[in-house]
Amino acid sequence: MRSYRATTHADLGTLKEPTNRTYYCKKHGKICKPLFSIAGWWKRYVKDTVKRISEFNKIRTDTFQKCLAGDSRTINIEREIKKKLFAFGTLIEKNKIDGIFSSPPYVGLINYHEQHAYAYELFGVERKDFTEIGPLYK
Ligand SMILES: C[S@@+](CC[C@H](N)C(=O)[O-])C[C@H]1O[C@@H](n2cnc3c(N)ncnc32)[C@H](O)[C@@H]1O
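Please read all numbers here as calculations on a predicted model, not as lab measurements. (Residues numbered from 1 in each chain as written. Predicted model: local features only at pLDDT ≥ 70, side-chain atom pairs only at ≥ 80, totals over all residues. Heavy atoms only, no water.)

Asker: Which residues make up the environment of tryptophan 42, and what values do they have?
Answerer: By secondary structure assignment, the location of tryptophan 42 is in helix H1 (residues 39-59). Each C-alpha atom, one on tryptophan 42 and one on threonine 131, is 32 Å from the other, the two residues being 89 residues apart in sequence. (Helix = DSSP H or I, 4+ residues; strand = E, 2+ residues; numbered from the N terminus.)

Right, here's the structure in full:
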(Lines give C-alpha, C1' and ligand atoms only; values in the text may rest on other atoms or scores of the structure.)
Protein backbone atom coordinates (compact mmCIF):
# COMPACT_ATOMS: atom_id res chain seq x y z
CA MET A 1 0.00 0.00 0.00
CA ARG A 2 2.87 2.33 0.94
CA SER A 3 4.51 2.00 -2.48
CA TYR A 4 1.31 3.02 -4.25
CA ARG A 5 1.31 6.59 -2.93
CA ALA A 6 2.21 9.67 -4.92
CA THR A 7 5.72 9.94 -3.54
CA THR A 8 9.36 9.75 -4.59
CA HIS A 9 11.47 6.58 -4.52
CA ALA A 10 13.75 8.10 -1.87
CA ASP A 11 10.92 9.05 0.46
CA LEU A 12 8.58 6.12 1.02
CA GLY A 13 8.49 6.56 4.80
CA THR A 14 8.39 10.27 5.61
CA LEU A 15 6.15 11.79 2.93
CA LYS A 16 4.78 15.24 3.75
CA GLU A 17 3.61 16.54 0.37
CA PRO A 18 2.36 14.35 -2.51
CA THR A 19 4.51 14.22 -5.66
CA ASN A 20 2.35 14.26 -8.77
CA ARG A 21 4.89 14.85 -11.52
CA THR A 22 8.30 13.66 -12.68
CA TYR A 23 11.23 14.54 -10.41
CA TYR A 24 15.01 14.09 -10.18
CA CYS A 25 15.42 10.86 -8.22
CA LYS A 26 18.25 10.86 -5.66
CA LYS A 27 17.98 7.10 -5.25
CA HIS A 28 18.31 6.18 -8.95
CA GLY A 29 20.27 9.25 -10.18
CA LYS A 30 17.78 9.91 -13.00
CA ILE A 31 14.36 11.38 -13.76
CA CYS A 32 11.65 9.16 -12.26
CA LYS A 33 7.88 9.47 -11.97
CA PRO A 34 5.51 8.60 -9.11
CA LEU A 35 2.90 5.93 -9.61
CA PHE A 36 -0.23 7.23 -11.28
CA SER A 37 -2.18 3.98 -10.93
CA ILE A 38 -2.35 1.28 -8.30
CA ALA A 39 -3.32 -1.42 -10.84
CA GLY A 40 0.04 -2.56 -12.20
CA TRP A 41 1.82 -3.09 -8.91
CA TRP A 42 -1.31 -4.45 -7.27
CA LYS A 43 -1.49 -7.23 -9.89
CA ARG A 44 2.24 -7.89 -9.60
CA TYR A 45 2.19 -8.13 -5.79
CA VAL A 46 -0.94 -10.30 -5.77
CA LYS A 47 0.68 -12.79 -8.18
CA ASP A 48 3.91 -12.73 -6.16
CA THR A 49 2.01 -13.37 -2.91
CA VAL A 50 0.16 -16.36 -4.40
CA LYS A 51 3.47 -17.75 -5.73
CA ARG A 52 5.18 -17.34 -2.34
CA ILE A 53 2.33 -18.99 -0.44
CA SER A 54 2.29 -21.93 -2.84
CA GLU A 55 6.11 -22.30 -2.59
CA PHE A 56 5.91 -22.11 1.21
CA ASN A 57 3.19 -24.77 1.23
CA LYS A 58 5.66 -27.24 -0.32
CA ILE A 59 8.22 -26.80 2.49
CA ARG A 60 5.85 -26.08 5.38
CA THR A 61 6.45 -28.35 8.39
CA ASP A 62 4.06 -29.36 11.13
CA THR A 63 5.15 -26.75 13.69
CA PHE A 64 3.05 -24.70 16.06
CA GLN A 65 2.91 -20.88 16.12
CA LYS A 66 1.21 -18.35 18.35
CA CYS A 67 1.45 -14.60 17.91
CA LEU A 68 1.86 -12.31 20.93
CA ALA A 69 1.64 -8.55 20.51
CA GLY A 70 3.58 -6.75 23.22
CA ASP A 71 6.61 -4.72 24.20
CA SER A 72 9.65 -6.94 23.60
CA ARG A 73 11.47 -5.29 26.53
CA THR A 74 8.92 -6.18 29.14
CA ILE A 75 6.63 -8.94 27.86
CA ASN A 76 6.55 -12.09 29.99
CA ILE A 77 6.34 -14.71 27.25
CA GLU A 78 5.55 -17.67 29.53
CA ARG A 79 2.77 -15.80 31.30
CA GLU A 80 1.24 -14.38 28.11
CA ILE A 81 1.30 -17.78 26.37
CA LYS A 82 -0.16 -19.45 29.44
CA LYS A 83 -3.07 -17.00 29.41
CA LYS A 84 -3.95 -18.07 25.87
CA LEU A 85 -2.77 -21.68 25.73
CA PHE A 86 -2.23 -23.10 29.19
CA ALA A 87 -0.70 -26.45 28.14
CA PHE A 88 1.73 -24.83 25.71
CA GLY A 89 2.72 -22.23 28.35
CA THR A 90 3.39 -24.99 30.88
CA LEU A 91 5.54 -26.80 28.31
CA ILE A 92 7.60 -23.65 27.74
CA GLU A 93 7.94 -23.16 31.48
CA LYS A 94 9.26 -26.71 31.84
CA ASN A 95 11.50 -26.91 28.76
CA LYS A 96 12.54 -23.24 28.62
CA ILE A 97 13.17 -21.23 25.45
CA ASP A 98 16.18 -22.21 23.32
CA GLY A 99 16.57 -18.96 21.42
CA ILE A 100 14.92 -15.87 20.02
CA PHE A 101 15.22 -14.48 16.49
CA SER A 102 14.76 -10.75 16.23
CA SER A 103 14.26 -8.20 13.50
CA PRO A 104 14.78 -5.09 15.61
CA PRO A 105 13.65 -1.58 14.68
CA TYR A 106 15.94 0.74 12.71
CA VAL A 107 16.56 3.06 15.64
CA GLY A 108 16.06 6.75 14.83
CA LEU A 109 15.15 6.13 11.18
CA ILE A 110 11.47 5.17 11.05
CA ASN A 111 8.20 5.98 12.81
CA TYR A 112 6.72 2.48 12.58
CA HIS A 113 3.29 3.41 13.90
CA GLU A 114 3.03 6.29 11.45
CA GLN A 115 4.41 4.26 8.57
CA HIS A 116 1.74 1.62 9.14
CA ALA A 117 -1.05 3.94 10.29
CA TYR A 118 -3.30 2.63 7.50
CA ALA A 119 -2.99 -0.91 8.86
CA TYR A 120 -3.98 0.10 12.40
CA GLU A 121 -7.04 1.81 10.91
CA LEU A 122 -7.94 -0.95 8.47
CA PHE A 123 -7.64 -3.80 10.96
CA GLY A 124 -8.68 -1.95 14.11
CA VAL A 125 -5.40 -2.70 15.90
CA GLU A 126 -4.73 -0.66 19.02
CA ARG A 127 -1.80 1.80 18.59
CA LYS A 128 0.91 1.76 21.24
CA ASP A 129 3.18 4.58 20.05
CA PHE A 130 4.65 5.09 23.51
CA THR A 131 6.21 1.59 23.52
CA GLU A 132 7.92 1.98 20.14
CA ILE A 133 11.72 1.59 20.34
CA GLY A 134 13.78 4.40 18.72
CA PRO A 135 11.16 6.23 16.65
CA LEU A 136 12.46 8.89 14.26
CA TYR A 137 10.43 11.65 15.97
CA LYS A 138 12.49 11.27 19.12
C1 LIG B 1 12.62 -4.01 11.23
S2 LIG B 1 10.90 -4.12 11.69
C3 LIG B 1 10.60 -5.85 11.65
C4 LIG B 1 9.25 -6.13 11.09
C5 LIG B 1 8.86 -7.62 11.14
N6 LIG B 1 9.97 -8.47 10.84
C7 LIG B 1 7.74 -7.88 10.16
O8 LIG B 1 7.95 -8.56 9.18
O9 LIG B 1 6.64 -7.36 10.37
C10 LIG B 1 10.99 -3.77 13.43
C11 LIG B 1 9.66 -3.90 14.15
O12 LIG B 1 9.86 -3.72 15.55
C13 LIG B 1 8.68 -3.14 16.07
N14 LIG B 1 8.90 -2.58 17.41
C15 LIG B 1 9.27 -1.33 17.78
N16 LIG B 1 9.33 -1.20 19.11
C17 LIG B 1 8.98 -2.43 19.62
C18 LIG B 1 8.83 -2.94 20.95
N19 LIG B 1 9.06 -2.20 22.04
N20 LIG B 1 8.44 -4.24 21.08
C21 LIG B 1 8.20 -5.02 20.01
N22 LIG B 1 8.31 -4.59 18.73
C23 LIG B 1 8.70 -3.31 18.54
C24 LIG B 1 8.32 -2.11 15.03
O25 LIG B 1 6.97 -1.72 15.12
C26 LIG B 1 8.61 -2.87 13.74
O27 LIG B 1 7.46 -3.53 13.29
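There is more to say, and it comes next.
Asker: An account of the domain arrangement of the protein chain is needed here, citing residue identities and associated values.
Answerer: When cut into domains, the protein chain gives domain 1 (2-59), domain 2 (71-103) and domain 3 (106-138). Relative placement of domain 2 and domain 3: their C-alpha centres are 24 Å apart. (Domains from an automatic or database assignment.)

Asker: Residues and numbers for a nonpolar patch on the surface, please.
Answerer: Residues Ile38, Trp42, Val46 and Val50 make up a contiguous nonpolar surface patch of about 380 Å² in total accessible area. Here isoleucine 38 lies in the loop between strand E2 (30-32) and H1. (Patch = residues over 30% accessible without salt bridge, like charges linked within 9 Å, V, L, I, M, F, W, Y side chains within 5 Å. Areas by Shrake-Rupley, 256 points an atom, 1.4 Å probe, with all protein chains shown as cover. Salt bridge = Lys/Arg side-chain N within 4 Å of Asp/Glu carboxyl O.)

Asker: Hey, could you go over the environment of threonine 63 for me, with residue numbers and the actual values?
Answerer: Position of threonine 63 among the secondary structure elements: in the loop between H1 and helix H2 (77-84). Taking the C-alpha atoms as reference points, threonine 63 and lysine 94, 31 residues apart in sequence, are found 19 Å from one another. One polar contact links threonine 63 to glutamine 65, side chain to side chain, over a distance of 2.7 Å. (Polar contact = N/O pair within 3.5 Å; in protein donor to acceptor, adjacent residues only side chain to side chain.)

Asker: Give me the lowdown on the site of the ligand, citing residues and values where you can.
Answerer: The environment of the ligand is formed by Gly70, Asp71, Ser72, Arg73, Ser103, Pro104, Pro105, Tyr106, Tyr112, Thr131, Glu132 and Ile133. Between aspartate 71 and the ligand, the recorded distance is 2.9 Å, taken from a side-chain N or O atom to a nitrogen atom. In terms of residue class, the shell around the ligand is made up of 5 nonpolar, 4 polar and 3 charged. The two domains that each donate at least three residues to the shell around the ligand are domain 2 (71-103) and domain 3 (106-138). (Near = heavy atom within 4 Å. Nonpolar A, V, L, I, M, F, W, Y, C, P; charged D, E, K, R; others polar.)

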